[in-house]
Every structure is written in structure tokens, then in C-alpha cells.
Amino acid sequence: MEADIVIVGGGPAGLSLAASLSGNGLAITVVERLALENLADPPFDGREIALTRRSKRILDELCVWQRFPATEVAPLRRAEVLNGASPVTLAFERGGRIEGVLGWLVSNQRIRRELYDAVVARPDIQILADTEVVAVRSGARQAEVGLADGRTLRSRLVVAADSRMSPVRNMLGIDAQIHHTGRSMLVCRMEHERDHRRVATEWFDHHQTLALLPLNGRTSSAVVTLPSREAERLAGLDPEAFNGEMGRRFGWRLGEMRLISTRHAYPLAVTWSHRFVAQRAALVGDAAVGMHPVTAHGFNLGLLGANGLAREILRTASQAADPGSTRGLRRYELLHKLACRPIYDGTNGIVGLFTREDPVSRVARSALLRAARRLPIAQRSVAMLLARR
Ligand SMILES: Cc1cc2nc3c(=O)[nH]c(=O)nc-3n(C[C@H](O)[C@H](O)[C@H](O)COP(=O)(O)OP(=O)(O)OC[C@H]3O[C@@H](n4cnc5c(N)ncnc54)[C@H](O)[C@@H]3O)c2cc1C
């Protein structure tokens, strides 16, 4: 047996699972198709991840949060939701112990880099980079993972953390609901004239969804969701034309805008795996649930799932039992499905309602926002989905 646990995918979910398992007498191998240099020094990918308080707590426990430079953590004070040209705004703020902070924005690049740094020197974690998993067989006694370079790894448990189109999920014979939306999300950093006052704006405009996520200084992450072809056109404009078009799309809310990063367009597909576990196998991160990014829950749920799966594996291992045994895996599946399903369905419902342009949907979304403003319970539900950051 080469390892107790093989994790396929060294993205944020796979690395946070490895970090959560480390230090407990288990031998862990992470297999990643990207080269080691990419893991150690990931390129900017445009994603600014809105992290919840719970995610901060988990990252604190993994000694990862402390590694983020203060200049790269942007606190979020308030979130506002706008609907077309309607004057009705839904706003969320938060009091509590961390006065006035809804959550924090940290780039995906920084999260990946610090997770890698946190695990790379641990003696119980082996990272096999620059090689791809091409076959997985999981049986009653062990799991076997075949690599593109011809090697085979044997373990007690294999975990798929290989993204929403998860090849390992297919190799395990697990079906998934996959919905290609036909839209892409264009993301980049922009400088602007006016102060954002640490307010995030989500704007369900006609034929486009826009968001401005406040970073440090007079900069924001600009997020535009459009039909894929239109997003590609926008991403290909020369910077001057792009700045003008973005300023117009955002209604000059923050004055003139100027591109200060590379642009990245992500075709949007949402996915839900019918099972999160199989014999000696489990799915975490986007491989289990591929969220629509609009409500900013993907990595937050991935981190929660990695934490929950690690807890079950370690509980089983502490009783000198097989860490790949079915009982703990099933408990993980049950709890994680309960945590994810309402958020997954709620997000998809909101995306559907706010992107349809028929008169009934327009009336329904205005009514929803008005109700949410008046009814604390409705406000809480919408807040849970749109601003749980
Ligand atoms: C524009 C955008 C904005 C977002 N904003 C937020 C946000 O604000 N808050 C939030 O919580 N989430 C957000 N998300 C979601 C978040 O980025 C994802 O949920 C998260 O990155 C998923 O991590 P993962 O490790 O599961 O998958 P990935 O990051 O996709 O990593 C999977 C890894 O597996 C590797 N791999 C794949 N196949 C194989 C194979 N066969 N063999 C070996 N390796 C393999 C890949 O190379 C990759 O490194 C956003 C997403 C997008 C697109």
C-alpha cells in the first residue's frame, strides 16, 4: 500500500483536505496534473473568493489564514442587491463580534499558494505533480489509481478533488446532474475614481448580471455574466474600449474604471453529483457540488466538505479502524448533502429568476426583493444565499 489516502487534484479543496488530515499518522498522496511550479506559484486567475466567517475559522485552524498578507485580505462591510433599473435595493450588513464585517475577499491565487505552502513540507504528505490520473478502481480491500506515466498507486481511500467535470467521478461510475448555462462569467480587477466604501454590489440587470467586489484601495473585482460569445467579445476588446464599455455597463457607479489585471472568462456549468461517496471513494469540492459562482459559495462549501470528510476519516482511524470504511463516508455524504442542497437549489432558483426576461419573472423578482426588504425571515433567506460571506 503506497498511501492510506490518495487525493486526486491539488486545487483548493484537495489541498485543504490534505492539510486537515495531516499530523494524524496517515500517509497522504496528492496527485495533480499541473506542474509543481504552478502549485507553488499559481498565476492570477481573476477569481476573488468571498470567504465566510466559518471558512476563516477553518483556514485559521489549518494555519493558512495567518499566512495571508493583510494587504491581500479585503473585508466586506455591506452587500447590496439591485434589480434592473428598479430603485428597490436590498442591503445586508452585519454586527456581531467582528463588528460590521460580512466576510473577506482573498484571491484564489493567494489561497492556492498558501495552501500549498502549508502542506508542502509536511512529512506525511507526498505531492505527485505533473501527472494525471487516468484510471481508478475501487474494491473491497483497496483502491487503485492509475497514472498517465504508467505508475499505479494503491490506497485505502481515493478522494476525487478534480473539479466539477471530475474525470475520477466518471471513472467511479457516479452520475452527476450537469447544466451548461450557455453563459460565461468575465472577471478582472479594475481601478475606479470613487471609493467603494467596502460595499459589494450585485446587480441583476437586463440581459447581464454584474458585480463589483471591493478590494483594498480604489480597486474592485469586476464581474460580468453574459452569453458566452458576448463575454468573449468583451474579453477581447483593447483596454481603452474595455474601460469605456465596463464604465457604461456599471452605470459609472464608481466613476471612470481602468483595467489593472488580466481578464478571465469562465463558461458557467453547475453540477451536482448524485453520490458523494462510493466503495473506498469520496468526492470533495467542485467534484461533489459545482456551484454557480454568483452567490460565492463554491470554495466555502468545498472547504466545509473537506473539513467534514477529514473529521469522519480521522474519527474512524482513531478507533484503529479502516479509514476507507463505508460508515464514516456515508455520514460525510449525508451531512454534506444536507449543508449543500438548499444553497445549491436556492442559488439556481435565484439565477433562473433573475436572468429570465419575461414579464412574469420581472414582476416576480421585484416582488421577491420588496418582500425581502419587509420580512426579516425572507431577508434572512435571501441574505443566506446572496451575502453569506
Ligand atoms: C469566477 C469565479 C468566482 C468564484 N468566486 C467564489 C467565491 O467568491 N466564493 C467561493 O466560495 N467560491 C467561488 N468560486 C468557486 C471556487 O473557485 C471553486 O469552488 C474552487 O476553486 C473549487 O476548488 P476545487 O479544488 O474543488 O477544484 P479546482 O480548483 O478546479 O481544482 C481541481 C484540480 O484538480 C486537478 N485535476 C483535474 N483532473 C485531474 C486528473 N485527472 N489528475 C490529476 N489532477 C487533476 C486540476 O488540475 C486542478 O488543479 C468562484 C468560481 C469562479 C469561476
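Our structure is the block above this text.
Just so we're clear, the structure is a prediction, and the values are computed from it rather than from any experiment. Just so you know, the residues in each chain are numbered from 1, in the order the chain's sequence is written. Where local features are concerned, this predicted model is filtered to residues with pLDDT of at least 70; where side-chain atom pairs are given and counted, the filter is 80 or more; whole-chain, interface and lining totals use all residues. To get the side-chain values, take all heavy atoms of the structure and skip hydrogens and water.

**Student:** Tell me about the overall build of the chain, and name the residues and values.
**Tutor:** A run of H or I in DSSP becomes a helix once it reaches four residues, and a run of E becomes a strand once it reaches two; helices and strands are each numbered from the N terminus. Helices and strands together make up the secondary structure of the chain, namely eleven helices and 21 strands. Just to be clear, the radius of gyration here is over C-alpha atoms, and the globule rule we use is 2.2 Å times residues to the power 0.38. Whereas a compact globule of 389 residues would reach a radius of gyration of roughly 21 Å, the chain reaches 21 Å, a difference of no more than 12%. The C-alpha extent of the chain, read off along each of the three principal axes, is 60 × 45 × 40 Å. Exposure classes here rest on a 1.4 Å probe applied to the protein chains alone. A residue is buried below 20% of its type maximum, exposed above 50%, and partly exposed in between. Across the 389 residues of the chain, 57% fall into the buried class. Put simply, 72% of the contacts in the chain that link residues at least 6 apart link residues at least 24 apart. Here the open area of atoms and residues is found with the Shrake-Rupley method and a 1.4 Å probe, where only the protein chains shown may cover a residue. When the accessible surface of the chain is split by element, carbon and sulfur atoms take 52% of a total near 16,700 Å². Lys and Arg are tallied as positive, Asp and Glu as negative. Neither His nor the chain termini are counted. For charged residues, the charge sits on one atom: NZ in Lys, CZ in Arg, CG in Asp, CD in Glu. Of note, the chain has its 53 positive side-chain charges centred 7 Å away from the centre of its 40 negative side-chain charges. Contacts were defined at the residue level, with two residues in contact if any of their heavy atoms lie within 4.5 Å.

**Student:** Hey, could you go over helix α1 (residues 12–21) for me, with residue numbers and the actual values?
**Tutor:** For an α-helix the count is 3.6 residues per turn, leaving residues at separations of three or four pointing the same way. With ten of ten residues buried, α1 is to be regarded as a mostly interior element. Turning to α1, its buried residues number three or more, namely Pro-12, Ala-13, Gly-14, Leu-15, Ser-16, Leu-17, Ala-18, Ala-19, Ser-20 and Leu-21. Residues of α1 that are buried in the fold lie against β1 (5–8), β2 (28–31), α4 (108–120), β8 (125–128), β12 (157–160) and α8 (298–318). Following α1 by one or two positions, Gly-23 adopts a phi angle in the positive range, close to 85°.

**Student:** Give a description of the sheet that holds strand β3 (residues 48–51) that names residues and reports values.
**Tutor:** At least two bridges found by DSSP between two strands are what make those strands a pair. Strand order in the open sheet formed by three strands is β3-β7-β4, and the pairing between neighbours is antiparallel. With one partner strand each, in any of the chains shown, β3 and β4 (74–76) form the two edges of the open sheet. Strand-to-strand twist of the sheet, defined as the mean angle between neighbouring strand axes without regard to direction, takes the value 30°. As paired strands, β3 and strand β7 (residues 103–107) are joined by four bridges and run antiparallel to one another. Bridge assignment links Leu-51 to a residue of β7, and that residue is Trp-104. For helices, the fitted line uses only the C-alpha atoms of the stretch in contact; every axis is such a line through C-alpha atoms, and the angle between N-to-C directions lies from 0 to 180 degrees.

**Student:** So, the pattern of salt bridges: which residues are in play, and what are the values?
**Tutor:** Only one rule defines a salt bridge in this text: a Lys or Arg side-chain nitrogen within 4 Å of an Asp or Glu carboxyl oxygen. Applying the stated criterion across every chain, the model contains 25 salt bridges. Taking the shortest distance from any N to any O, the salt bridge between Arg-233 and Glu-245 comes out at 2.6 Å. With a gap of twelve residues between them, Arg-233 in helix α6 (residues 228–236) and Glu-245 in helix α7 (residues 239–249) connect regions that are remote in the sequence. Arg-233 gets classed as partly exposed once you look at its relative accessible area, which sits at 35%.

**Student:** Got a sec to walk through a nonpolar patch on the surface? Specific residues and values, please.
**Tutor:** Taken together, the side chains of Leu-334, Leu-335 and Leu-338 define a hydrophobic patch exposed on the protein surface, amounting to about 300 Å² of accessible area. Mapped onto the elements of the fold, Leu-335 is located in helix α9 (residues 326–355). You can call Leu-335 partly exposed: its relative accessible area is 40%. Residues enter a patch when their relative accessible area is above 30% and they make no salt bridge; the linking distance is 9 Å between like charges and 5 Å between nonpolar side chains (Val, Leu, Ile, Met, Phe, Trp, Tyr).

**Student:** Can you tell me about unusual backbone geometry, naming the residues and giving the values?
**Tutor:** Even without being glycine, Asp-130 reaches a positive phi, approximately 60°. You can see Asp-130 is positioned in the loop between β8 and β9 (133–138). According to the relative accessible area criterion, Asp-130 is exposed, its value standing at 58%. Despite not being glycine, Arg-198 shows a phi value in the positive range, around 60°. Mapping Arg-198 onto the fold places it in the loop between β13 (176–192) and β14 (199–205).

**Student:** Any details on the site of the ligand? Residues and values, ideally.
**Tutor:** Definition of nearness: a residue and a molecule or strand are near each other if at least one heavy atom of the residue lies within 4 Å of the molecule or strand. As a structural note, the neighbourhood of the ligand is formed by 30 residues, with Glu-32, Arg-47, Ala-50, Asp-286 and Phe-299 the closest of them. Separating an oxygen atom of the ligand from a backbone N or O atom of Glu-48 is a distance of 3.5 Å. Side-chain atoms alone can form a polar contact between residues adjacent in sequence; in general such a contact is a pair of N or O atoms within 3.5 Å, and within protein one must be able to donate a hydrogen while the other accepts it. The separation between an oxygen atom of the ligand and a polar side-chain atom of Ser-163 is 2.9 Å. Its free accessible area being 1,000 Å², the ligand has 92% of it covered by the protein chains.

**Student:** I'd like to hear about the packing of aromatic side chains, residue by residue, with values.
**Tutor:** Centre distance within 6.5 Å is the pairing criterion for rings of Phe, Tyr and Trp, where only the six-membered ring of Trp is used; planes under 30 degrees apart are then read as stacked, over 60 as edge-to-face, and the remainder as tilted. Under the counting rule described, the total for this entry stands at four aromatic pairs. Ring centres 5.3 Å apart and planes at 70° place the aromatic pair Trp-65 and Phe-68 in the edge-to-face group. Phe-68 matches Trp-65 in its accessibility class, with the two residues each being buried. Seen from their ring centres, Trp-272 and Tyr-344 are 5.1 Å apart, and the 40° between their planes marks the pair as tilted. Residue Trp-272 is located in strand β18 (residues 264–273), and its partner Tyr-344 is located in helix α9; the two are separated by 72 residues in the primary sequence. You can call Trp-272 buried: its relative accessible area is 4%. Members of the aromatic cluster, each reached through a chain of ring pairs, are Trp-65, Phe-68 and Trp-104. To sit over a ring, a charge needs its Lys NZ or Arg CZ within 6 Å of the ring centre and within 35 degrees of the ring normal. We note Lys-56 situated over the ring of Trp-104; from NZ or CZ to the ring centre the distance is 5.8 Å. The ring of Trp-203 carries the charged tip of Arg-253 above its face, separated from the ring centre by 5.9 Å.

**Student:** Quick rundown of the packing of α8 against α9? Include the residues and the values.
**Tutor:** Packing of α8 against α9 leaves a shortest axis separation of 9 Å and a crossing angle of 160°. On the basis of their axis angle, the class for α8 and α9 is roughly antiparallel. For the pair α8 and α9, the crossing hand works out as right-handed. Mapping the contact onto sequence places Leu-301, Leu-304, Gly-305, Gly-308, Leu-309, Glu-312, Arg-315 and Thr-316 in α8 and Gly-328, Leu-329, Arg-331, Tyr-332, Leu-335, His-336, Ala-339, Cys-340 and Ile-343 in α9. In this classification, the charged set is Asp, Glu, Lys and Arg, the nonpolar set is Ala, Val, Leu, Ile, Met, Phe, Trp, Tyr, Cys and Pro, and all remaining amino acids, among them Gly, are polar. Counted by class, the contact of α8 with α9 contains nine nonpolar, five polar and three charged residues. These descriptions rest on fixed angle ranges, namely under 35 degrees for roughly parallel, over 145 for roughly antiparallel, 65 to 115 for roughly perpendicular, and the rest for oblique. The hand of a helix crossing depends on one turn: near helix anticlockwise from the far one by less than a right angle means left-handed, and clockwise means right-handed.

**Student:** Break down the nonpolar core for me, with residues and values.
**Tutor:** As used here, the term nonpolar core means buried Ala, Val, Leu, Ile, Met, Phe, Trp, Tyr and Cys residues forming a set that is joined through side-chain atoms within 4.5 Å. Core analysis: the largest hydrophobic core is formed by 78 residues, its most contacted members being Ile-7, Leu-21 and Leu-309. When residues of this core are assigned to their parent elements, the largest contribution, nine residues, is made by α8. When sequence neighbours within four positions are dropped, the list of residues in contact with Leu-21 reads Ile-5, Leu-26, Ile-28, Ala-310, Ile-313 and Leu-314.

Shape is all these values report; function is a separate question.
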